[in-house]
Amino acid sequence: MSEATFTLSAFGDEIAVKLHDQLAVMTELGIGRLELRTAWGKNVLDLDDEEARKVAALCADAGVIVSAIGSPIGKSAIDGDMGEEVRKLDRIMRTAEIVGTQRIRVFSYYPPDISTNAHYDQYIETAAERLAQLADHAAAHGYTLLLENEKEIVGDTVARCATILRLLDRPNVRFAWDPANFVQVGETNVTEHGWPQLGDAIGYVHIKDAHLATGEVCAAGEGDGQVLELLTKLRDAGYQGVLALEPHLAIAGHSSGFSGPDGMAYAANALRQLMAQAGCVEMSG
């Protein structure tokens, strides 16, 4: 019998702008973990200590735990000021400390030309070097970085993500698998061919799906992201971690998205149906 356990989390800003509204809907849906990306329309990178303490207090009152910081670090130019990236990480780590999480989502940088990804391989080493600096800085303070795949970022395809992680080789860097983002860069049968390369590195999963033909985002199981197959692989591997709902059902922006309360409810139900099919045990709270 598999020892895998799955805890649902949600990007609260997909539900509403105000944090207390986010938390109220999450409570109704039985989702006890929050992905903190924006609150009151303000990006997590821009929250000050007082605002972070307000987040912590509201979450405590609602019985919700912040599972990770959905930071925008690494969604910047690959030739930008590295000192500024470290300063951003310091701010994010301070907020993470206040709200009580050790996990911070990051990306692997924009190449100078994003009109095509045909030349992205030449930036892999630079991306890995920049991420290594961030990873070492984070490790010194006890934080784990979750590297997410994303379109228009160096780490967009399975192969490039695998190479970046191999070059990084940092124990405090784990991979955050996003099925929809893989589909949107043309990856087909992504779980089938991506699991052998990335399965051992997965430390987090973002849940949204997409259609290969159009790139349109949809609920889990409705597109070409092989989410059911991914859940099955995770179950068989004994995964004990988070499935973070990021549905993008109403607005699918490049840096954020929106689904509304009904959209989040629809996405949560779709995921839970797939989990039941795969025999995935959901942890409560």
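Here, every reference points to the structure presented above.
What comes next is a walk through the structure. Keep in mind the model is a prediction, meaning the values are calculated, not measured.

### Description of the overall build of the protein chain
A count of helical and extended segments in the protein chain gives nine helices and 14 strands. Taking 285 residues into account, the globule formula puts the C-alpha radius of gyration at 19 Å, and the protein chain, at 17 Å, falls close to it. The principal-axis extents of the C-alpha atoms in the protein chain amount to approximately 45 × 45 × 35 Å. For the protein chain, the proportion of its 285 residues judged to be buried stands at 54%. Counting contacts in the protein chain only where the partners sit at least 6 residues apart, residues at least 24 apart contribute 76% of the total. As presented, the protein chain carries roughly 11,500 Å² of accessible surface, and 48% of it is formed by carbon and sulfur atoms. Looking at the protein chain, you have 23 positive and 41 negative side-chain charges, and the mean spots of the two groups are 4 Å apart.

### Let's talk about the packing of helix α5 (residues 158-168) against helix α7 (residues 190-198)
Across the interface, α5 lies against α7 with an axial gap of 10 Å and an inter-helix angle of 10°. Considered as vectors, α5 and α7 are oriented roughly parallel to each other. Along its contact with α5, which presents Val-158, Ala-159, Cys-161, Ala-162 and Leu-165, the element α7 presents Val-190, His-193, Gly-194, Gln-197 and Leu-198. Residue composition of the contact of α5 with α7, by class: seven nonpolar, three polar and no charged.

How each quantity is defined
Residues numbered from 1 in each chain as written. Predicted model: local features only at pLDDT ≥ 70, side-chain atom pairs only at ≥ 80, totals over all residues. Heavy atoms only, no water. Helix = DSSP H or I, 4+ residues; strand = E, 2+ residues; numbered from the N terminus. Rg over C-alpha atoms; globule rule 2.2 N^0.38 Å. Buried < 20%, exposed > 50% of the residue type's maximum accessible area, 1.4 Å probe, protein only. Contact = heavy atoms within 4.5 Å. Areas by Shrake-Rupley, 256 points an atom, 1.4 Å probe, with all protein chains shown as cover. Lys, Arg positive; Asp, Glu negative; His and termini not counted. Charge placed at Lys NZ, Arg CZ, Asp CG, Glu CD. Axes fitted to C-alpha atoms, helices over the stretch in contact; angles between N-to-C directions. Parallel < 35°, antiparallel > 145°, perpendicular 65-115°, else oblique. Nonpolar A, V, L, I, M, F, W, Y, C, P; charged D, E, K, R; others polar.

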